[in-house]
Amino acid sequence: RQMCIRDSTKPEGVSSKAKTPEIQTKSFPKELKPRAKLPLFIPKNVIEKLSFPLDETTKTIKVLDEDNCSQGSGDWSSFECSFKKSASLPNEQSHGELESSAKSCCVKKNSVDKQYKKAKTLELNTQKIDTKKEKKRTSEFDNLCLQQEMKVSGKSIWSSHFSPDGNFFATGGADHIVRVWEVNDFSEECRTLFNPTPVREYAEHTADVLDLSWSTKNPSLLLSAGLDKKVTLWDISSSKPVHTFEVGSEVTAVAFVPDSENYFVSGSFDGITRLWDISKAAIISTAKISDNITSMRFSPDGEKLLVGSFKGKCFIYSLDNSGLHYTSVMTCKNRYGRYSGGRKVVGIHFISNSEVLITTADSRLRLMNLDDFSQRYKYKGHVNTQVQMAATMGEEHVICGSEDGKVCVWNKTSKYIPSINPK
């Protein structure tokens, strides 16, 4: 727009039109294609402040290390899955020029002291992750870097879980293979969390592997469930399966009973939850719903079982010596809008015996209280309508992938996330 000034008493030689003010514009980068799919927090006994987003384009697992993050309150943060080389090494000018490339790095000087060698080992191949804050004044995760990248397969990964003791990490996906990785002791001397080669690769399944579950009593036992209508029990000390259970329907979820290595439950497309006795290889109890089962998890004490359905409901069962017993049902959906009819429950993460974080395919995360069946908090800002991804929670943060190529991190509580149903 142009602004014109007309003044009948203006001096001679002065134009009646003022100059058009200059307008500064900023160019924003184009949105990236969806990449990050399966982020999760590493357990305490492994290492704190690490996450694992899955790169859907290259089908790799990325280890992200965040050091010296500032503590602040706010709504949520996000970081793009586009990586840039980090800044040059410390004391670079005093030791000579450093020329780095994707393949090689060399130092143009003969004398290199021990401190420079250590800095080179720790930071030479580190890639900085771009982060940005949303609805918050303080910045967090400023020093987030890509620490390790592993090539898994040429197909998508649907499930990944740490063993209860934190020594192993299992993955399963569309290539029908269950892989088990050994976890290293992460330190300044060893900056790789995983050994590059899996310690076990199990190829017994003939269709996609959708879910995995470790035994909390015996951390060497692992269950895998797939679309081949089978649940397979593995002992990672052996290269062969312990037993294969025929379910009769596509299995979408599986879970060990806490503090037990002889019982587990499975959920499938036929809407039946089955309680299995491993020693007898038989079903001892069942519970049926009129919907497809999409996820299930036990509470830490093993007294409650949450079963997620395709229409956004969570069915709660109690477990005793006589089997499964229906208790209640929670509806996880918006009251109004496009997804008011309910979307499938894609993730269940217990924080305690009374608190559970539920991920649904309407781009929402909900923190529910099981004492009064109320919704405490709702988290939004990511995109999750098509891809199956589940959120996890640490002590202070909630993390989840997004279909727009981001990994989003929320503060568990802040002034921007008011409690919906405070006590």
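Values in this document were obtained by computation on a predicted structure and should not be read as measured data.

**Student:** Quick question: what am I supposed to make of the packing of aromatic side chains here?
**Tutor:** For any two aromatic rings, the description comes down to two numbers: the centre-to-centre distance and the angle of the planes. Within this structure, the stated rule accounts for 10 aromatic pairs. Seen in terms of ring centroids, Y202 and W234 are 4.0 Å apart; in terms of plane orientation they differ by 20°. Their pairing is stacked. Of this pair, Y202 sits in strand β12 (residues 200-202) while W234 sits in strand β15 (residues 230-235), and the two are 32 residues apart along the sequence. Like Y202, the residue W234 is buried in the burial classification. Between the aromatic rings of Y317 and Y326, the centroid separation amounts to 6.0 Å while the plane-to-plane angle is 75°, which identifies the pairing as edge-to-face.

**Student:** What am I meant to see in a positive patch on the surface here?
**Tutor:** On the surface, K135, R335, K378 and K380 cluster together into a patch of positive charge. Assignment of secondary structure puts K378 in strand β28 (residues 374-379). What makes K378 partly exposed here is its relative accessible area of 31%.

**Student:** What am I meant to see in the confidence of the model for the protein here?
**Tutor:** Put simply, the protein has an average pLDDT of 75, and 67% of its residues get 70 or more. Note on residues 1-38: pLDDT under 50 across the span, and 49 contacts to partners over four residues away in sequence or across chains. Under a pLDDT of 50 for its full length, residues 81-124 has, in the predicted model, 59 contacts with residues more than four places off or in other chains.

**Student:** Explain the pattern of salt bridges to me, please; I cannot follow it from the model alone.
**Tutor:** Once the charged atoms of two side chains with opposite charge are near each other, the side chains can pair. As enumerated under the stated definition, the model contains 7 salt bridges in all. The salt bridge partner of E246 is K230, with a shortest N-O separation of 4.0 Å. In this pair, E246 sits in strand β16 (residues 241-246) while K230 sits in strand β15, placing the two residues 16 residues apart along the sequence. Overall, K230 belongs to the partly exposed group, its relative accessible area being 25%. As a salt-bridge pair, D270 and R274 come within 2.8 Å of each other at their nearest N and O atoms. Residue D270 is classed as partly exposed on the basis of its relative accessible area, which comes to 25%. Residue R274 is classed as buried on the basis of its relative accessible area, which comes to 8%. One network of salt bridges, in which partners are shared, links D175, R179 and E201.

**Student:** Even after reading the chapter, I still don't get the sheet that holds β28, so can you show me in this structure?
**Tutor:** In a beta sheet, neighbouring strands pair by backbone hydrogen bonds and run either parallel or antiparallel. One open sheet holds the 4 strands; their spatial order is β25-β26-β27-β28, and the pairing between them is antiparallel. Looking along the sheet, the strands with just one partner apiece sit at the ends: β25 (345-350) and β28. Along the sheet, successive strands turn relative to each other by an average axial angle of 25°, direction set aside. Relative to strand β26 (residues 355-360), β25 runs antiparallel, the two sharing 5 bridges. Among the inter-strand pairings, I348 is bridged to a residue of β26, identified as I358.

**Student:** Explain the pairing of strand β23 (residues 313-320) to me, please; I cannot follow it from the model alone.
**Tutor:** For a regular strand, side-chain orientation follows a simple rule: the groups alternate between the two sheet faces. With 5 bridges joining them, strand β22 (residues 304-309) and β23 adopt antiparallel strand pairing. Residue V307 lies in a different strand from β23, and its bridge partner there is F315. Between β22 and β23, which pair antiparallel and follow one another directly, the connecting turn spans 3 residues, one of which, G312, has a positive phi of 85°. Note that β23 and strand β24 (residues 323-331) share 8 bridges and pair antiparallel. By the bridge assignment for β24, F315 is matched with V329. Where β23 folds back on β24, the antiparallel hairpin that results is connected by 2 residues.

Reading the values: the criteria
- Residues numbered from 1 in each chain as written.
- Predicted model: local features only at pLDDT ≥ 70, side-chain atom pairs only at ≥ 80, totals over all residues.
- Heavy atoms only, no water.
- Phe/Tyr/Trp six-rings, centres within 6.5 Å; stacked < 30°, edge-to-face > 60°.
- Helix = DSSP H or I, 4+ residues; strand = E, 2+ residues; numbered from the N terminus.
- Buried < 20%, exposed > 50% of the residue type's maximum accessible area, 1.4 Å probe, protein only.
- Patch = residues over 30% accessible without salt bridge, like charges linked within 9 Å, V, L, I, M, F, W, Y side chains within 5 Å.
- Areas by Shrake-Rupley, 256 points an atom, 1.4 Å probe, with all protein chains shown as cover.
- Salt bridge = Lys/Arg side-chain N within 4 Å of Asp/Glu carboxyl O.
- Lys, Arg positive; Asp, Glu negative; His and termini not counted.
- Charge placed at Lys NZ, Arg CZ, Asp CG, Glu CD.
- pLDDT = per-residue confidence, 0-100.
- Contact = heavy atoms within 4.5 Å.
- Pairing = 2+ DSSP bridges.
- Axes fitted to C-alpha atoms, helices over the stretch in contact; angles between N-to-C directions.

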